[in-house]
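# Structure assessment
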Amino acid sequence: MAEQNNQHSVELPRFRAYFLHPKFWPTWLGIGFMYLLSWLPFRVQLALGRLIGRVFYRAFPKRVKVARRNLELCFPDMASAEREALIKRNFQNTGIALLETGMAWWWPDWRMRRILKVEGWEHVEQAERDGKGVFLLLFHFLCLEVHARVFGLKKPSVGLYRPHNNPVMEYLQTRGRSRSNKYMIRKKDVRGMIAALDSGEVCGYLPDQDYGRKRAVYVPLFAVPDAATTTGTSLFANSADCVTLISTCERLPNAEGYLLRVLPALEAIPSGSDEEDARRVNREVERAVKSMPDMYMWMHRRFKTRPHDDLPSYYAHATSTQANTTANGD
């Protein structure tokens, strides 16, 4: 674990006797089980994860409905059978993502490197030669935990941080996500993020979820004309001496491992306009999602915030077609 050397960095939590209280025993039991599973062969974990995902599909019908609704909104011309098949694959990948968390938090470096391939690293190296920080846009794909870990293997980096409500999970999550990376900064610590970028760090940022009306504009995302999109991208990209790059992580077929990609934005960010930057970010999201649609986090209510309170929710109710499709198991 890299040394923390920034005054804005979050101090890694230390183990406390309080963590052994009986109310945390279910947490320890679940985490202990995940830890044991993390040492299974990679191919076995993928198969087990798919099985867990099939259970999730049956056990969490509300999340299935959210994923279905998101796909209807984004791809209105997609055939019902194709959409349902995509949702089932997506939930299988969600099960794998649970086990990938264990890989990301506990695997030794040599084991991660053995299944890692990298493309586009020259863009990071160019930023280093230019003496600039890297403002790295990541998106909510299901292998995000692995993504952060393998990027840190190439270059220990800095990430934004939101505390977990469970103090045991806070302890484990913070230490796990810091493995192979430098340090984390509190989510609202804008100055800390800018300082890290100005000092030449790589700082990861996730601009592709619905964070509410504050610091948001409403721009298209796929077929949705008014997706609430954060202006935080513009804030950091404009304020720091950095270059904006895109990174994705793809799980390769046949248990071959992961492909880490670093790409320049199709259109320069920042552009000088918060709204235009948000449009450009969403086009990057579209580009990434189209390349691996079954790996995106569709179960999140991406379009929950409308421009005005009097507009109906996109998630107000399921259509009769949705209900029939679920009942028929298509």
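Computed from a predicted structure; not experimentally measured.

### Side note on the packing of aromatic side chains
Evaluated as defined, the whole model comprises 21 aromatic pairs. With a centroid separation of 5.5 Å and an interplanar angle of 85°, the aromatic rings of F15 and F19 are classed as edge-to-face. What links up through ring pairs into an aromatic cluster is the set F75, F141, F222, Y296 and W298.

### A word on the nonpolar core
Counting 87 residues, the largest nonpolar core has F135, W298 and F303 as the members making the most contacts within it. Among all residues touching F135, those that are not within four sequence positions of it are M193, L197, C203, Y205, T233, F236, A237, C242, V243, T244 and L245.

### Remarks on the UniProt feature "short sequence motif: HXXXXD motif" (unreviewed entry) in the protein
UniProt tags residues 140–145 as "short sequence motif: HXXXXD motif" (unreviewed entry). Each end of residues 140–145 is marked by a C-alpha atom, and these two atoms are 10 Å apart; helix forms 33% of the span and strand 0%.

### Some points on unusual backbone geometry
In this structure, the amide linkage connecting I269 to the following residue, P270, adopts the cis form with an omega of 10°. A positive phi angle is found at N254, which is not glycine, with a value near 60°. By the secondary structure assignment, N254 is in the loop between β8 (242–251) and β9 (258–264). Residue N254 is classed as exposed on the basis of its relative accessible area, which comes to 58%. Although it is not a glycine, A255 adopts a positive phi angle of roughly 55°. Along the polypeptide, A255 turns up in the loop between β8 and β9.

Calculation notes
Residues numbered from 1 in each chain as written. Predicted model: local features only at pLDDT ≥ 70, side-chain atom pairs only at ≥ 80, totals over all residues. Heavy atoms only, no water. Phe/Tyr/Trp six-rings, centres within 6.5 Å; stacked < 30°, edge-to-face > 60°. Core = buried A, V, L, I, M, F, W, Y, C linked by side-chain atoms within 4.5 Å. Buried < 20%, exposed > 50% of the residue type's maximum accessible area, 1.4 Å probe, protein only. Contact = heavy atoms within 4.5 Å. UniProt positions renumbered as here; feature names shortened; annotations may be inferred. Helix = DSSP H or I, 4+ residues; strand = E, 2+ residues; numbered from the N terminus.

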